[in-house]
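# Summary of the model geometry
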Amino acid sequence: MPDLIPIDDPNDPRVAAYRDIKERDLVGRQGLFIAEGETVLRAFVRDAPQRVRSLLIDGKRIDKLGEVLAGLAPEVPVHVAGQAVIDAIAGFHLHRGVLAVGAKPEPPSAQALVARTGPRAVVLVLMGVANHDNLGGIFRNAAAFGVDGVILDGDCCDPFYRKAIRVSIGATLSVPTAWLGRGEDVVALLARHGFQGLALSPAAGETLADLTPPARAAVLLGAEGPGLSRAVLDRVRTVGIPMANGFDSLNVATTSGIVLHHLRFAKA
């Protein structure tokens, strides 16, 4: 178990990585990220302890985290401070009292991600999903339903942004993720690897409930509002989710959960 390092001065250089968190969220951390909250920390240490660089924890929470800290390498610095000092370091009131600095993994190419999936697989392809709440919710669903990977285009937001990690309850730290190259044809890539591309459309003639899950399915989701481009929709299979009272769309994270549940549990 790592040694505990007491911090009494908000300007202590040993906790510089945690200073002014919101401002640094905007400018980036050069390959690092901030994870926030006990639930996220537990998921992080469980799934990727080798990528934990340091912790900053409210001293009142240490007793609850003993088994979590025991999962870290002894050399990982665990800084302990009171709530007022943590707030001064972070630049706002941090009621969760638990922060970690982690290292981003080197993402595989989209080609590499789909190539290593098994004969039965489900992947998500996100295009233009730039809302951190939606992205985090989608990753949470991806983890819950055992998705084999998530592919992001260049217009998606960063899954390692602090809010996306928090909303996903740490799923963005563990679900295999790849980025498309600019101009890369994801529909063609999926077809080469035997994936059936599926997109949601209120105009689809086929409902999700009637869909027999294909052995290798790729669910394509776009941003709320514009959705997927016509160029993409015309090249994949479209299905619809019937709704009541004239509604024709759902939140994209909600949609992902409904579709993934069907693909995992409907009879093939």
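Going by the structure above, here's the rest.
Residues numbered from 1 in each chain as written. Predicted model: local features only at pLDDT ≥ 70, side-chain atom pairs only at ≥ 80, totals over all residues. Heavy atoms only, no water.

This next bit is on the sheet that holds strand E5 (residues 98-103). If you trace the five strands from one edge of the open sheet to the other, you get E1-E4-E3-E5-E2, paired in mixed fashion. The open sheet has two edge strands, strand E1 (4-6) and strand E2 (32-36), and neither has a second partner. The average angle at which neighbouring strand axes cross in this sheet is 25°, direction not considered. Bridge count for strand E3 (residues 52-58) against strand E4 (residues 78-81) is four bridges, and the pairing is parallel. Within the sheet, the bridge partner assigned to aspartate 58 lies in E4 and is alanine 81. Against the sheet, helix H2 (residues 38-47) makes contact with E2, E3 and E5, and its axis sits at roughly 35° relative to E5, the strand it touches most. (Pairing = 2+ DSSP bridges. Helix = DSSP H or I, 4+ residues; strand = E, 2+ residues; numbered from the N terminus. Axes fitted to C-alpha atoms, helices over the stretch in contact; angles between N-to-C directions. Contact = heavy atoms within 4.5 Å.)

Here we come to the layout of surface pockets. Considering only enclosed or pocket space, the largest pocket measures out at about 510 Å³ in volume. Taken together, 23 residues line the largest pocket, and the ones lying closest to its centre are Leu200, Ser201, Pro202, Gly227 and Ser249. Among the secondary structure elements, those contributing two or more residues to the lining of the largest pocket are strand E10 (216-222), helix H9 (230-233) and helix H10 (252-265). Examining the composition of the lining of the largest pocket, we find that three residues originate from one element, E10, more than from any other. A breakdown of the residues in the lining of the largest pocket according to their chemical character gives 13 nonpolar, seven polar and three charged. (1 Å grid on protein atoms, 1.4 Å probe; cavity = no way out; pocket = protein on both sides within 12 Å on 5 of 7 lines; lining within 4 Å. Points joined across faces, edges and corners; volume = space filled by probe spheres on them. Nonpolar A, V, L, I, M, F, W, Y, C, P; charged D, E, K, R; others polar.)

Geometry only, nothing functional implied.
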